[in-house]
Structures are given as structure tokens and as C-alpha cells.
Amino acid sequence: MTFGATRIELKNVDRFEARANLVQLPKIDLAFCATTADLAIDHSEADYTRLQIALKGSATASAQGVTSEVNERQLAITPSGVCSRTVCDAGHQRLTLRLNQRALLQKLTSLLGAKPKGELTFGSTINADDPYTRSLSQLVHFLAQQLDSSACGLPAAARHELEQAVQISFLWATRHPFSDLLRNQASAPACGTVRRIEEFIEANWQDALTIERLVEEAGVSSRAIFRAFERSRGYSPKAFVKMVRLKRAREMLLSGDPDVSVTATAFKCNFLSVGHFARDYRDAFGELPSQTISGARR
């Protein structure tokens, strides 16, 4: 159950040997598998995206009618929320990285500045020779070496930093609907209209920020504002306002001030519903506001 397998088929089992282990971290898991026989594994639906990296030999990964090779030339990806099948040749060895889908979306939201519109889905393969893929593979191998070390375990802070690095590297190496937005943000500045409005929102986040106020500040039409944000950011000005307010709310909740409460913070940050605030906060940061307060006070 830990590996998510629902069925295993074996061939050439006269001298069968298999090894498998799994390390589970808060937002990613890393597994090693090796077999001396031809092996097929059916996996149940799960809330993580699976990346398979061949260390020796070859295999195939299938999901939603698409079958991809796992070998020294390419890495294979199977999406979250669907059943999948892995078929390994005898002598195959691989690392399997499992990335929590919600955590990936939270990381993408953090990188972009606000939650993008649309579903986060990934291509079925990535080229092993691509520079971003090589960086990802090196990170995963380094993580595997550290987790496999017989010396004292990694400090919690170091594990957290490695998790963050692996998530970011995965988002850069893979193809998804927001790949161009992610890379364009790093290589080119936003247009003047977007920068001006973002600075205005950052400075006035506690005020009532209507589209009329943004139009007055930018000196362009509302349609031009929305098109500029969509083109350079992939989300609306409203989404950016929400993310700025959520970040300010998190700062308050992390302060450790005994007078801070979830309700007071929600209203101070212009959220009219505490329930909606808690939901948006969890989507953005992976925990409820009450959990942030408890952790800060501990």
C-alpha cells in the first residue's frame, strides 16, 4: 500500500530478487526499486505526480492511454489522480520521485506571485539531456545520497530546503501550461503597466482596490490592464491582490503575538468571510491559519 501498487506480475522468476525502499518527506517522496525479473506493476490513483528516473536498464510507464519509455535518454511522468502501470525489464533499477500535487501548485503560485488560471498538468516525458532536466536529476541523486547515508540524518531545515529545490527544479524542467510564464518571468521584466499596478497594490493592499482605482492609477482601460496581466503574469489583478493580502495575513499569524486571531486577521486583511479566508490560506500555504498560529506560538 505504501508504494501504491494494486497488482504485480512477474516473469522469468527462477532466481527472482527485488529491492525497494521509500523515504517520505512532507511534500515529496523518493523511492528506489530494482528487480532481476521482468516485472509489471499496476498503481492506484494517488494525489501525487510520479517522475521515474532510470539508473540501469529500461522500463515503460503508462497512464491515460500514453506509454513512455524510462531509460538513460528520457524520464517519464505519470499524472496524479489516475491509475498507471509500470513495466520493468529484468535488471532494471530506478529512482521514483513522487511530488504532492497540491504542494506543487502552491510552489508555482509562490513563484508566479498568484494562483494561475487553469489546471496544472505535465507532459509525459522530459529529455534527459535538457539542461533543466540534468539539474533536476542531479538534485534527486544528491537527495538520494543524503537520505541513504549511514551518517546522522539531514537536519530538518536542510531537508526542507532540498524539498523546495526539487519542487522548483521539477517545475522548470517539465512542460506544463505555465512553463512559458515561469521562464519568461525570470528572463524578462513585466511591462510598465503591470509593474505600476503591482507596486500600487503592494502599497495600498488594505484599501478597497476596485478596478476603477487601478484604471485611474495606470492611466489605461480596464481591458488593457487585464490583457497585460494575462500576457505577462497568467492571472488577474484580483488574484494578485488576494495573494498580497494572504502574505500579509501570514506575517501577522507568524508574529507570535498572543492577541492575533484568525478572525481578526481575516477582517484586517479585507477578507469578508473567515471560511473563505481559511480555504484560500490553506490553498496558498498548505495549512490552516489556526495551524500557523499554533506553530508560531510553540
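What counts as what
- Think of each chain on its own: its residues are numbered from 1, step by step along the sequence as written.
- The predicted origin of the model limits local features to residues at a pLDDT of at least 70 and limits the giving and counting of side-chain atom pairs to 80 or more, whereas totals for whole chains, interfaces and linings rest on all residues.
- Each side-chain value is worked out from all heavy atoms of the structure, with water and hydrogens disregarded.
- Per the convention used, a helix needs a DSSP run of H or I reaching at least four residues, while a strand needs a run of E reaching at least two, with both numbered from the N terminus.
- Each residue gets one of three labels from its accessible area relative to the maximum for its type: buried under 20%, exposed over 50%, partly exposed in between, using a 1.4 Å probe on protein chains only.
- Computed with the Shrake-Rupley method and a 1.4 Å probe, the accessible areas treat only the protein chains shown as cover for residues.
- When charges are counted, Lys and Arg contribute as positive and Asp and Glu as negative, whereas His and the chain ends are disregarded.
- For this purpose, a charge sits on NZ of Lys, CZ of Arg, CG of Asp or CD of Glu.
- Strand pairing is assigned whenever DSSP identifies at least 2 bridges connecting the two strands.
- Angles here are taken between N-to-C directions and fall from 0 to 180 degrees, while the axes themselves are lines fitted to C-alpha atoms, restricted in helices to the stretch in contact.
- A 1.4 Å probe that fits but cannot get out identifies a cavity on a 1 Å grid over protein atoms alone, an open set with protein on both sides within 12 Å along at least five of seven lines counts as a pocket, and a residue lines either if it has an atom within 4 Å of a point.
- Grid points are joined across faces, edges and corners, and a volume is the space filled by probe spheres set on the points.
- Basically, the charged four are Asp, Glu, Lys and Arg, the nonpolar ten are Ala, Val, Leu, Ile, Met, Phe, Trp, Tyr, Cys and Pro, and anything else, Gly included, counts as polar.
- Any pair of residues with heavy atoms lying within 4.5 Å of one another is described as a contacting pair.
- Residues belong to one nonpolar core when they are buried, are Ala, Val, Leu, Ile, Met, Phe, Trp, Tyr or Cys, and are joined through side-chain atoms within 4.5 Å.
- To estimate the expected span of a helix, subtract one from its residue number and multiply by 1.5 Å.
- To obtain the arc, one takes the directions from the helix axis to the C-beta atoms.
- In this analysis, rings of Phe, Tyr and Trp, with Trp reduced to its six-membered ring, are considered paired at centre separations within 6.5 Å, and the interplanar angle assigns stacked below 30 degrees, edge-to-face beyond 60, and tilted for intermediate values.
- For this document, the term salt bridge refers to a Lys or Arg side-chain nitrogen within 4 Å of an Asp or Glu carboxyl oxygen.

K.L.:
What is the right way to read the overall build of the protein from this model?
P.N.:
For the protein, the helix and strand inventory stands at 11 helices and 11 strands. Along the first, second and third principal axes, the C-alpha atoms of the protein reach 75 × 45 × 30 Å. Sorting the 298 residues of the protein into buried and exposed places 43% on the buried side. About 15700 Å² of surface is accessible on the protein, with carbon and sulfur atoms providing 50% of the total. Across the protein, the centroid of the 37 positively charged side chains sits 2 Å from that of the 32 negatively charged ones.

K.L.:
Just checking my understanding: could you explain the sheet that holds strand 1 (residues 5-11) for this structure?
P.N.:
Two orientations exist for strands paired in a sheet by backbone hydrogen bonds: parallel and antiparallel. Across the sheet, five strands lie side by side as 1-4-9-6-7; this open sheet has antiparallel pairing. Looking along the sheet, the strands with just one partner apiece sit at the ends: strand 1 and strand 7 (66-70). The average undirected angle you get between the axes of adjacent strands in this sheet is 15 degrees. Summarising the sheet, strand 4 (residues 38-43) and strand 9 (residues 84-88) pair through five bridges and their orientation is antiparallel. Bridge pairing in strand 9 places L39 opposite C88.

K.L.:
Is there a simple way to think about empty space enclosed by the protein in this case?
P.N.:
Gaps between atoms show up when a probe of the same size as a water molecule is rolled over them. All told, the structure shown has one cavity of 30 Å³ or more when counted by the stated rule. What the largest cavity holds in volume is close to 40 Å³. Residue composition of the lining of the largest cavity, grouped by class: four nonpolar, five polar and two charged.

K.L.:
Sorry, what's going on with the sheet that holds strand 2 (residues 18-24) here?
P.N.:
Ordered in space as 2-3-10-5-8-11, the six strands form an open sheet in which the pairing is antiparallel. If you trace the sheet from one side to the other, it starts and ends with strand 2 and strand 11 (125-127), each paired once. Direction aside, the axes of adjacent strands within the sheet are offset by 20 degrees on average. Relative to strand 11, strand 8 (residues 74-78) is paired through three bridges, and the arrangement is antiparallel. Bridging across to strand 11, L75 finds its partner in I126. The strands touched by helix 1 (residues 101-112) within the sheet are strand 5 (48-56) and strand 10 (93-100), with strand 10 carrying the most contacts at an inclination of about 65 degrees. Packing of helix 3 (residues 156-173) onto the sheet brings it into contact with strand 3 (28-35), strand 5, strand 8, strand 10 and strand 11, and relative to strand 10 it is tilted by some 95 degrees.

K.L.:
What's the story with the nonpolar core in this structure? I'm lost.
P.N.:
In a soluble, globular protein the nonpolar side chains are often hidden away together inside. Among the nonpolar cores identified, the biggest contains 63 residues, and L51, L97, L136, F170, I201, L246 and F277 are the most heavily contacted of them. Listed in part, the eight residues of the second largest apolar core include L39, A54, A61 and A76.

K.L.:
Please explain helix 5 (residues 192-203) as it appears in this structure.
P.N.:
Since the α-helix packs 3.6 residues into each turn, any two residues three or four apart lie on the same face. Counted at 1.5 Å a residue, the expected span for helix 5 with its 12 residues is 16 Å, and the 17 Å between its end C-alpha atoms agrees. Those residues of helix 5 that sit buried are T193, V194, I197, E198, F200 and I201. One side of helix 5 carries all its buried residues, which in axial view fall inside an arc of 160 degrees. Exposed residues lying more than 90 degrees from the buried face of helix 5 are E199 and A203. Here the buried face of helix 5 lies against helix 6 (211-218), helix 7 (222-232) and helix 8 (237-253).

K.L.:
In this structure, what is going on with the packing of aromatic side chains? I would like to understand it.
P.N.:
Two aromatic rings are characterised by how far apart their centres lie and by the angle between their planes. With the rule as written, the count across this model stands at six aromatic pairs. Ring geometry for F229 against Y235: centres 6.5 Å apart, planes inclined by 55 degrees, an arrangement best described as tilted. Taken individually, F229 and Y235 each receive the classification buried, so the pair is uniform in this respect. Cluster of aromatic residues (ring-pair linked, three or more members): F271, F277, Y281 and F285.

K.L.:
Any chance you could explain the pattern of salt bridges here in plain terms?
P.N.:
When the charged atoms of two side chains lie near each other, side chains of opposite charge can form a pair. Enumeration according to the criterion identifies 13 salt bridges in this entry. The shortest N-O distance in the salt bridge between R85 and E9 comes to 3.1 Å. Separated by 76 residues along the polypeptide, R85 in strand 9 and E9 in strand 1 bring together distant segments of the chain. With a relative accessible area of 27%, R85 lands in the partly exposed category. Relative accessible area serves as the criterion here: at 28%, E9 is assigned to the partly exposed category. A salt bridge links R248 to E202, with the nearest nitrogen and oxygen atoms 2.7 Å apart. Taken together, the residues R248 in helix 8 and E202 in helix 5 connect sequence positions 46 residues apart. Taken together, the salt bridges that share partners define one network made up of R7, E9, D42 and R85.

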